[in-house]
Amino acid sequence: MKKLGLGKRVLACAASAATLLTGTTALSGLTTLGSMAASAASYDNYAKLLQYSMYFYDGNMCGSDVDTASQFSWRGSCHGSDEVDGGFHDAGDHVKFGLPAGYTASTLGWGYYEFKDSYDALGQTAHLQALTNRFCDFFKASTKLSGDTVTSFCYQVGVGQADHDVWCSPESQNDQSLRTAYWTSDDASDIAAEYAAALAVNYLNFGNEEDLTYAKALYKFSKQYNQKSNVNEYSSEDYEDDQAWAAGFLYLATNDASYKSDMDSYFSSGNRVWGEVYYSHCWNNVSLGAAVLYGEIGGGWKWAESYLNKNCSDTSNFLAINSWGSARLNTGVQLPALVASKRTSNDYTAWCKAQMGMILGNNSASKNLVVGFNENSPKYPHHRAASGHAFTTKDEATPTWDATNSHVLVGALVGGPSSSDFSTYNDSVSDYNSNEVAIDYNAALVGAAAALYDVYGTGSLESSIPGVGSTDPIVTTTTTVATTTTTEGTTLTTKATTTAPATTAASTITANGGNATAGYTTNLNQKVTYSELP
């Protein structure tokens, strides 16, 4: 497969960061896969975790351009005849579901919005922007606008169960009967709001006015109909949390008080009247993320703090909220906790460090839950594209599982143990409870990795990634987007963000210089000028 373009250039940003952080030439730090700075144990290598966790999305790209867009040499273009091209497959399948996609893109954007300095320092901004832009391009292509009004939008591409019954690579799935596009003109308010949140925070981060135009229109559509979606595989409990989540980013982007008013209404109704939210930040419930945003814009921190104070103190036991996808729900608490730690006097960082350490192998079974991270990582994730399974019509409905995967799905966070006991984790491709991977699983992991690097500054980048080819230099520029930020009961300091072009070869970065006490400006966000790329 021909692999050119931005995908293979992202690692070159590491070279500039290496020079900036160490004061030496980039080549002096060159290492090979598996090497690691002596000062960074594998379970606190946050630089590598941020780097690796984004590669999973390259493995899940969908569309007619995947051959050049994905950084993995083993991924190729697929589903080019979809009514809406592009985007990302949901999990180890090939369906594009709107609700987890919107959640994923907005959460990836939130992590960058809050901890952009980590991405910049480690040369990871270009990769993050390529991913969130791809999500947002898909959301815009899925939306039909008439002026500032959404007439209809596509909330799913692919037939859920029928797709799940087929085990094959996405490149070989040519049955168009499996690629139905589902549109709505009067419901799916939850999905429309998640699209709006993703587009609004992407505007905050990178300044594309079109993103904001679509975000406002999709939010208006969501509020107009106030009807949740009806998708079998992702049955949403309600739409109000999604609207509050989107309203927070739209308020930051526009300073329009109506969005703040919408958040006020949400947090003064339902169970929130008791000053609490009740679940991890995840595709089906973003109330915790919305509560943190609400605190940030001046609405009060009691909703977020009530949940975090109850759940973020035990550093000895793994927080397993649900038996399915325990690791993604754990990181869905970590990211909000780390944002709250940054913006308030509360400090949950030690708890997050302990929990992430367990995910990376500091547990009774020494099992690492991130694919490709080290020798204790999962080898058999439940993922069709990575499995290398040779599809035949004889086993269409009941595939014969490969004994090994043909490709390393670098950075994928698997489901994890069914309880706080890591012996319940089973590394098997047929065990989707333990070993399923999905775009929403990695969303909070990426941001939490950036946040932990911000606090502790530990870890090293790898210059050689399984399945990723050579790199070329990348040049970045900056842009400023005005935002509105109000804090309650906390003082936030700021520091300037410096961005330098990367012009040297890829290398390994070793750093201990995280910023444990400094705050960050939230309105200086980097923009990659793609037309200027070599």
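Rules used throughout
Residue numbers restart at each chain and count upward from 1, following the sequence in its written direction. This being a predicted model, a pLDDT of at least 70 is required before a residue's local features are given, and a value of 80 or more before pairs of side-chain atoms are given or counted; all residues contribute to the totals for chains, interfaces and linings. Computation of side-chain values: all heavy atoms of the structure, hydrogens and water removed. Along the chain, pLDDT gives the predictor's confidence residue by residue, from 0 to 100. Contact criterion: two residues are considered in contact whenever any of their non-hydrogen atoms come within 4.5 Å of each other. Any Phe, Tyr or Trp ring, taking Trp's six-membered ring, that has another such ring centre within 6.5 Å forms a pair; planes under 30 degrees apart are called stacked, those over 60 apart edge-to-face, and the others tilted. A run of DSSP states H or I qualifies as a helix once it reaches four residues; a run of E qualifies as a strand once it reaches two. Both are numbered from the N-terminal end. Relative accessibility under 20% of the residue-type maximum defines a buried residue, over 50% an exposed one, and the middle range a partly exposed one, all with a 1.4 Å probe and only protein chains included. Lysine and arginine charges are scored as sitting over a ring when NZ or CZ, respectively, is within 6 Å of the ring centre and within 35 degrees of the ring normal. The working definition used for a salt bridge is a side-chain nitrogen of Lys or Arg within 4 Å of a carboxyl oxygen of Asp or Glu. We score Asp and Glu as negative and Lys and Arg as positive, and we do not count His or the chain ends. Only protein atoms enter the 1 Å grid used here, on which a cavity is any set of points holding a 1.4 Å probe that cannot leave and a pocket is any open set flanked by protein within 12 Å on both sides along at least five of seven lines; residues with an atom within 4 Å of a point are listed as lining. Grid points are joined across faces, edges and corners, and a volume is the space filled by probe spheres set on the points. Throughout this entry, Asp, Glu, Lys and Arg are counted as charged residues, while Ala, Val, Leu, Ile, Met, Phe, Trp, Tyr, Cys and Pro are counted as nonpolar. The remaining residues, Gly among them, count as polar. Think of a patch as exposed residues, more than 30% relative accessible area, with no salt bridge, where like charges cluster within 9 Å and nonpolar side chains (Val, Leu, Ile, Met, Phe, Trp, Tyr) cluster within 5 Å. Note on areas: Shrake-Rupley with a 1.4 Å probe; residue coverage comes only from the protein chains shown. Angles shown run from 0 to 180 degrees and are taken between the N-to-C directions of axes, each axis being a line fitted to C-alpha atoms and, for helices, limited to the stretch in contact. Here is the rule for angles: anything less than 35 degrees is roughly parallel, anything more than 145 is roughly antiparallel, 65 through 115 is roughly perpendicular, and the remaining ranges are oblique. Working rule for handedness: look at the near helix, and if it is turned counterclockwise from the far one by less than a right angle, call the crossing left-handed; if clockwise, right-handed. Any pair of N or O atoms that falls within 3.5 Å is considered a polar contact. Within protein, one atom must be able to donate a hydrogen and the other to accept it, and sequence-neighbouring residues count only if both atoms are side-chain atoms. Paired strands, as defined in this entry, are two strands with at least two bridges between them according to DSSP.

## Some remarks on the confidence of the model for the protein
Alright, step 1. Per-residue confidence for the protein gives a mean pLDDT of 83, with 77% of residues at or over 70.
Alright, step 2. Predicted confidence for residues 390-398 stays below pLDDT 50, and this span has 10 contacts to residues more than four positions away or in other chains.
Alright, step 3. Predicted confidence for residues 470-534 stays below pLDDT 50, and this span has 191 contacts to residues more than four positions away or in other chains.

## Examining the packing of aromatic side chains
Alright, step 1. Summed over all chains, the structure comprises 28 aromatic pairs.
Alright, step 2. Pairing Tyr52 with Phe373 gives two aromatic rings, centres 6.0 Å apart and planes at 80°, and the pair type is edge-to-face. With Tyr52 in helix α2 (residues 46-59) and Phe373 in the loop between α14 (349-359) and α15 (384-387), the pair connects residues that are 321 residues apart, well separated along the chain.
Alright, step 3. Taking relative accessible area as the criterion, Tyr52 reaches 0% and is therefore assigned buried.
Alright, step 4. The structure contains a cluster of three or more aromatic residues connected by ring pairs, namely Phe56, Tyr57, Phe88, Phe135, Phe138, Phe139, Phe153, Tyr195, Phe221 and Tyr225.
Alright, step 5. Positioned above the aromatic ring of Phe88 is the side chain of Arg134, whose terminal nitrogen or guanidinium carbon lies 5.9 Å from the ring centre.

## Overview of the pattern of salt bridges
Alright, step 1. Under the counting rule described, the total for this entry stands at 18 salt bridges.
Alright, step 2. Put simply, Lys116 and Asp120 hold a salt bridge, and the shortest N to O gap is 2.6 Å. Placement of the pair is Lys116 and Asp120 together in helix α4 (residues 98-121), with a separation of four residues, close to one helical turn. Comparing Lys116 with Asp120, the two get one shared label, buried.

## Considering the side chain of Glu194
Alright, step 1. Its location among the elements puts Glu194 in helix α7 (residues 189-206).
Alright, step 2. We note that Glu194 is buried and unpaired, the nearest opposite charge coming from Arg328 at a distance of 12 Å.
Alright, step 3. Setting aside anything within four residues of it in sequence, one finds Glu194 in contact with Leu99, Gly102, Tyr103, Ser106, Asp242, Trp245 and Val286.

## Thoughts on empty space enclosed by the protein
Using a probe with the size of a water molecule, rolled over the atoms, empty space left in the structure can be pinpointed.
Alright, step 1. Here the structure, examined in full by the defined rule, presents two cavities of 30 Å³ or more.
Alright, step 2. Here the largest cavity defines a volume of roughly 70 Å³.
Alright, step 3. As for the largest cavity, its lining consists of 13 residues, of which Lys96, Phe97, Ala101, Phe138 and Tyr195 are closest to the centre.
Alright, step 4. Sorting the residues of the lining of the largest cavity by element identifies β1 (96-97), α4, α5 (125-141) and β3 (149-157) as the ones contributing at least two each.
Alright, step 5. A total of four residues in the lining of the largest cavity trace back to one element, the largest contributor, which is β3.
Alright, step 6. When the residues that make up the lining of the largest cavity are grouped by side-chain class, the tally is nine nonpolar, three polar and one charged.
Alright, step 7. Counted as a void, the second largest cavity has a volume near 40 Å³.
Alright, step 8. Considering the residues around the second largest cavity, the lining is formed by Phe97, Gly98, Leu99, Tyr155, Gln156, Ile191, Ser229, Val231 and Tyr234.
Alright, step 9. Elements with a contribution of two residues or more to the lining of the second largest cavity: α4 and β3.

## Some points on a nonpolar patch on the surface
Alright, step 1. Taken together, Val273, Trp274 and Tyr278 make up a surface patch of nonpolar side chains, about 380 Å² in accessible area.
Alright, step 2. Positionally, Tyr278 belongs in the loop between α10 (257-267) and α11 (287-296).
Alright, step 3. Under the relative-accessibility criterion, Tyr278 is labelled partly exposed at 45%.

## Section: unusual backbone geometry
Alright, step 1. Not every positive phi belongs to a glycine, and Asn255 is a case in point at roughly 60°.
Alright, step 2. In this structure Asn255 comes out as partly exposed when scored by relative accessible area, which is 48%.
Alright, step 3. Positive phi values are uncommon outside glycine, yet Ser366 reaches one of about 55°.
Alright, step 4. Tracing the sequence through the fold places Ser366 in the loop between α14 and α15.

## Section: the packing of α7 against helix α9 (residues 240-254)
Alright, step 1. The interhelical angle for the contact between α7 and α9, taken along N-to-C directions, is 25°, at an axis separation of 8 Å. Judged on the interaxial angle alone, α9 and α7 are roughly parallel. For α7 against α9, the interelement crossing comes out left-handed. In contact with Ser189, Asp190, Ala193, Glu194, Ala196, Ala197, Ala200, Val201, Tyr203 and Leu204 of α7, α9 contributes Asp242, Gln243, Trp245, Ala246, Phe249, Leu250, Leu252 and Ala253.
Alright, step 2. Within the contact of α7 with α9, the residues separate by chemical class into 13 nonpolar, two polar and three charged.

## Things to note about the environment of Ser268
Alright, step 1. On the secondary structure map, Ser268 appears in the loop between α10 and α11.
Alright, step 2. A polar side-chain atom of Ser268 sits 3.2 Å from the main-chain carbonyl oxygen of Ser265.

## Quick notes on helix α12 (residues 302-311)
Alright, step 1. Where α12 is concerned, the buried positions are Trp303, Ala304, Ser306, Tyr307 and Leu308.
Alright, step 2. On the buried face of α12, the contacting elements are α10, α11 and α13 (326-343).

## What about the pairing of strand β2 (residues 143-146)?
Strand residues, when the strand is regular, have side chains that alternate between the two faces of the sheet.
Alright, step 1. Strand direction decides the pairing type here: β2 and β3, joined by four bridges, are antiparallel. Residue pairing in the sheet places Leu145 in a bridge with Val150 of β3.
Alright, step 2. In sequence, β2 turns back onto β3 through a hairpin of two residues, with Gly147 there showing a positive phi of about 70°.

## Examining the packing of α9 against α11
When two helices pack together, their arrangement is given by the angle between their axes and by how far apart the axes lie.
Alright, step 1. In contact at an axis separation of 8 Å, α9 and α11 are set at 30° when each is read in the N-to-C sense. Here α9 is positioned roughly parallel relative to α11, judged by the angle of their axes. Of the two elements, α9 crosses α11, and the hand of that crossing is left-handed. In this structure, α9 uses Asp241, Ala244, Trp245, Gly248, Phe249 and Leu252 to contact α11, whose residues at the interface are Ser287, Gly289, Ala290, Leu293 and Glu296.
Alright, step 2. The class makeup of the residues in the contact of α9 with α11 is six nonpolar, three polar and two charged.

## Some remarks on the side chain of Thr143
Alright, step 1. With respect to the helices and strands, Thr143 occurs in strand β2.
Alright, step 2. By relative accessible area, which is 7% here, Thr143 ends up buried.
Alright, step 3. Among the polar contacts made by the side chain of Thr143, one reaches the main-chain carbonyl oxygen of Phe139 at a distance of 2.8 Å.
Alright, step 4. Here Thr143 is in contact with Val150, Ser152, Phe153, Tyr214 and Leu218, once residues within four sequence places are set aside.

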